[in-house]
Amino acid sequence: MREQLDGAGGLRHLITLEGLHREVLSGLLDRAEKYRRLPGQPAYEGRELAGFTVANLFFEPSTRTRASFDLAGRRLGAHVLSLDPHGSSRAKGETMLDTIYTLEAMNTDVFVIRDSEAGIPEFLIDHVAPHVSVISAGEAHLSHPTQGLLDALTIRMHKRRFAGLKLAIVGDIKHSRVARSTAHAVMTLGTSDVRLVAPEGLLPAETEFRGAHRCTGIEEGIAGADVVIMLRIQRERMAHGAALDEAAYFREFGLDAQRLKLASPDALVMHPGPMNRGVEISSEVADGPRSVIREQVNNGVAVRMAVLASIAATLTRHRKPL
Ligand code: ASP
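How each quantity is defined
- Residues numbered from 1 in each chain as written.
- Predicted model: local features only at pLDDT ≥ 70, side-chain atom pairs only at ≥ 80, totals over all residues.
- Heavy atoms only, no water.
- Near = heavy atom within 4 Å.
- Polar contact = N/O pair within 3.5 Å; in protein donor to acceptor, adjacent residues only side chain to side chain.
- Areas by Shrake-Rupley, 256 points an atom, 1.4 Å probe, with all protein chains shown as cover.
- Nonpolar A, V, L, I, M, F, W, Y, C, P; charged D, E, K, R; others polar.
- Helix = DSSP H or I, 4+ residues; strand = E, 2+ residues; numbered from the N terminus.

As a structural note, the neighbourhood of the ligand is formed by Arg114, His144, Arg177, Val178, Arg232, Gly273 and Pro274. At 2.8 Å from an oxygen atom of the ligand is found a side-chain nitrogen or oxygen belonging to Arg177. For the ligand, whose accessible area on its own is 260 Å², the fraction buried by protein is 92%. When its residues are assigned to classes, the shell around the ligand shows two nonpolar, two polar and three charged.

Right, here's the structure in full:
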């Protein structure tokens, strides 16, 4: 894969957290903290992306990530195009490249891309012009780097450390790009006790998530945990849309107030959304005092601003002179 950093160490593309050192991740989180504003406060408005054009290309449905990138770009002064390129043929490589080249001709500087097919962001990195960047907003089941960063920021805001934390990820880990990116982020930042909690059929392959522990019982998995991340069952990634007995799943793997007592008393409850209330999490927990689910959404905008601003600073060095 082509480097995500340029020769000077600046962020050039962001399609995976793999290969990015702790200092790079921490730097992005530091920057995001500066952009972070609580609901009710005036949003940060800056000019870091003035003169830049960002195109959001979401080939898979998305509400929060798309809105988040949209706002992040606008709040830093970018021109933001949000296209909905649905109904494209399966000759997607071709079709997508044509779209990219067309938008490049209109001076697009950054492509934010979400696709259900693995390999598309990397393919684009290899084809975009030298002054253009690619950010992944979700690649198949493999990678969702800005979600990993926003989860890390949420944890850091509350716990102020990563070393020594016990973190449980519960649910459909096998199909979850969030689990992959978030586990990668926290492990890079220093957390070593990461537990993957799922029914046997939803655990990832043994070759993945190196260093994490696997567990097929939620009680054991969340015992003493400082952070509990609940995941949605992703039927759209299952071969046959898998029949699921939702009530049985909730009984075995759902997080309710009773079960949450097994975790640390100040445990954070997280969920990337969209939530299926009553399937993986009860409303009482989702809306309860330990939940930081809306903070994750708030932090998502700040993290995306930080990523866009870092990339814009790098791109400035690669632009052609007037
Ligand atoms: N929104 C997250 C994603 O895009 C999680 C999910 O869809 O369940 O992967």
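On to unusual backbone geometry. Going from Gly273 to Pro274, the amide bond is cis rather than trans, its omega being -5 degrees. Structurally, the position occupied by Pro274 is in the loop between strand E9 (268–270) and helix H10 (283–286). Phi is positive for Asn107, which is not a glycine, with a value near 65 degrees. Structurally, Asn107 can be placed in the loop between helix H3 (92–105) and strand E3 (110–115). For Ala140, which is not a glycine, the phi torsion comes out positive at approximately 45 degrees. Within the element layout of this structure, Ala140 appears in the loop between strand E4 (133–139) and helix H5 (145–159).

Shape descriptors only; they carry no functional weight alone.
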